[in-house]
Amino acid sequence: HPIKTASAPWTDSTLPLLAAGYAWLPDRMRATDGEPVRTRLLGRPVIALRGPEAIGFFYDERHVKRTAALPGPVLDTLFGRGAVHTLDGDAHRVRKAMFLALLKDGAGVSALAEHVAQQWAKASTEWQDGRDVVLFDEAAVILARAVCAWVGVERSDEAYRRVAEDCVAMVDGFATPGPRHWRARAARKRQEEALVAEICTIREGGELVSDSGTALEVVAWHRDADGRLLDPHTAAVELLNIIRPTVAIAWFAAFAAHALHRWPAHREPLRKDTGSRYARAFAHEVRRFYPFAPFVGGLAVSDLTWRGENIAKDTLVLLDLYGHDHDPGLWDSPYRFDPQRFTDREPGADELIPQGGGDPARGHRCPGEDITVAVLSTLVTQLADLDFEVPDQDLTIPLSRVPTRPRSGFVFRAVRER
Ligand code: HEM
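Criteria and thresholds
- Residues numbered from 1 in each chain as written.
- Predicted model: local features only at pLDDT ≥ 70, side-chain atom pairs only at ≥ 80, totals over all residues.
- UniProt positions renumbered as here; feature names shortened; annotations may be inferred.
- Helix = DSSP H or I, 4+ residues; strand = E, 2+ residues; numbered from the N terminus.
- Contact = placed C-beta atoms within 7 Å.
- Core = buried A, V, L, I, M, F, W, Y, C linked by C-beta atoms within 7 Å.
- Buried ≥ 20, exposed ≤ 12 C-beta atoms within 10 Å, placed from the backbone.
- Near = placed C-beta within 6 Å.
- Axes fitted to C-alpha atoms, helices over the stretch in contact; angles between N-to-C directions.
- Parallel < 35°, antiparallel > 145°, perpendicular 65-115°, else oblique.
- Nonpolar A, V, L, I, M, F, W, Y, C, P; charged D, E, K, R; others polar.
- Expected span 1.5 Å × (residues − 1).
- pLDDT = per-residue confidence, 0-100.

Visitor: Would you mind going over the UniProt feature "binding site: heme" (unreviewed entry) in the chain in detail, with residue names and values included?
Guide: As annotated in UniProt, the feature "binding site: heme" (unreviewed entry) corresponds to Cys 366 in the numbering used here. With respect to the helices and strands, the residue Cys 366 is situated in the loop between helix H15 (321–324) and helix H16 (369–385). With residues up to four places along the chain from it excluded, the contact list for Cys 366 reads Gln 355, Gly 356 and Pro 360.

Listed below in structure tokens is the structure:
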């Protein structure tokens, strides 16, 4: 069928993207009936795709590569230089296997969720005095403590708060110029330096012989496709690529609280939940419904054709994640928050893609989805178990801000244990 692409491919969309945030790509897609959108970002030609077929095309390494695709300001804040996100081919597969061995469902994931449950229980006893609690901030600290213990990094009480604040800053400042961006850079530098020191200390202790080490040990002794250990800085970057996104589950925690507050009928099924089936469904729906990662991108490996549309080599190819998860052609009433979508079944791999699509072992799909779902279900269960009041506050979630969250961070008060 005829391809309708958005007009004005020569117009640079960097400023409209910064201004419209999450709405930018879906709005452009709506104008083309979901067909590819052509534009420019930072002066580079761009084509944006969406839909199940586009996922297969995008995650085929013969089509789209990641080397040199991410702008420096994103690497210096969100991911780090030399990160797995920037690799292709064998180099990517071998590095990715390290992440998957650490992060896929199994004993490790349950242990991390257990750490989170314990940290929440400890923190919630301190909330009983009726003070105002900012859920987003507290969740970040709970997650920082839990993930640091889990990866094998010990810190003082004060330093855990710093880890939480720095990880939040790295995520908060990657997509925007100005003070948020400079905070993000400083935060990354500080945390990378601290982890380089940890990596060096571990290496002085002698090579890990068993394959059941902590994430710190596994990363310190990981050998890349070329058979060499990671240089200490790259090792620190990858360790931070486990710690930072785990702390970032605080965004979903704040969204989950928002959903429970807005649609309180979900509280009872969560309280009565056995085997955390409802909590998992709720976690999936939070990941689908709320805006977090807008899209992913890479560069066209060569001159390509996508459904009759020519894509020149080195074009930036974007895959619309947020739009996919709200596409009325793929979801029944996509703007209705409804965990029932997932109570009887787990979502299909390319059905729900808030953390990327395709096969995580072969492509760049997030290796942290099992952790995200397990940890978020744990947090949702604990949140539903608390009795609290929600004072007047600004709970709007501005779509123009990337990443966004309820403006107040979700404040609650007068907590009583059930
Ligand atoms: C990659 C989202 C949590 C580790 C990604 C990608 C997205 C994403 C969109 C890129 C996919 C692509 O390029 O195709 C999220 C969101 C999370 C989250 C929204 C919620 C907090 C986690 C967690 C971990 C993690 C908990 C680790 C414990 C990674 C790594 C990559 C990645 C290492 C790079 C994979 C690669 O390049 O092959 N994530 N993620 N993420 N994520 Fe996550």
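Visitor: Break down the nonpolar core for me, with residues and values.
Guide: Counting 121 residues, the largest nonpolar core has Leu 143, Ala 144, Leu 239, Val 247, Ala 250 and Ala 256 as the members making the most contacts within it. With 13 residues, the single largest contributor to this core is helix H7 (residues 135–151). Those residues in contact with Leu 239 that sit more than four places away from it in its chain are Val 151, Leu 195, Ala 215, Leu 216 and Val 219.

Visitor: Just give me the short version of the environment of Leu 376, but keep the residues and values in it.
Guide: Inspection of the secondary structure assignment puts Leu 376 in helix H16. If we ignore the near neighbours within four places in the chain, the residues touching Leu 376 are Ile 249, Phe 252, Ala 256, Ala 283 and Val 286.

Visitor: So what's going on with the site of the ligand? Which residues, and what values?
Guide: Around the ligand, a shell composed of 25 residues is seen, among which Pro 245, Gly 356, His 364, Cys 366 and Gly 368 lie nearest. Of all the secondary-structure elements, those providing two or more residues to the shell around the ligand are helix H5 (89–103), helix H11 (232–247), helix H12 (249–262) and H16. In terms of residue count, H11 provides more of the shell around the ligand than any other element does, four residues in total.

Visitor: Account for the packing of helix H8 (residues 157–172) against H11, with residues named and values stated.
Guide: The contact between H8 and H11 brings their axes to 9 Å, and the two run at 85°. On the basis of the axis angle, H8 is roughly perpendicular to H11. Along the contact surface, H8 presents Val 163, Ala 164, Cys 167, Val 168, Met 170 and Val 171, while H11 presents Ile 243, Arg 244 and Val 247. Taken together, the residues of the contact of H8 with H11 sort by class into eight nonpolar, no polar and one charged.

Visitor: Please provide a residue-by-residue account of H5, values included.
Guide: In this model, H5 (15 residues) spans 21 Å end to end at C-alpha, consistent with the 21 Å of a helix rising 1.5 Å per residue. Contact partners of the buried residues in H5: helix H6 (107–126), helix H10 (215–220) and H16.

Visitor: Quick rundown of the confidence of the model for the chain? Include the residues and the values.
Guide: In the predicted model, the chain carries a mean pLDDT of 94, and the fraction of residues at 70 or more is 95%. Confidence over residues 1–9 falls short of pLDDT 50; this stretch has 21 contacts with residues more than four positions distant or in other chains. As a predicted assembly, this complex carries a pTM of 0.96 together with an ipTM value of 0.99.

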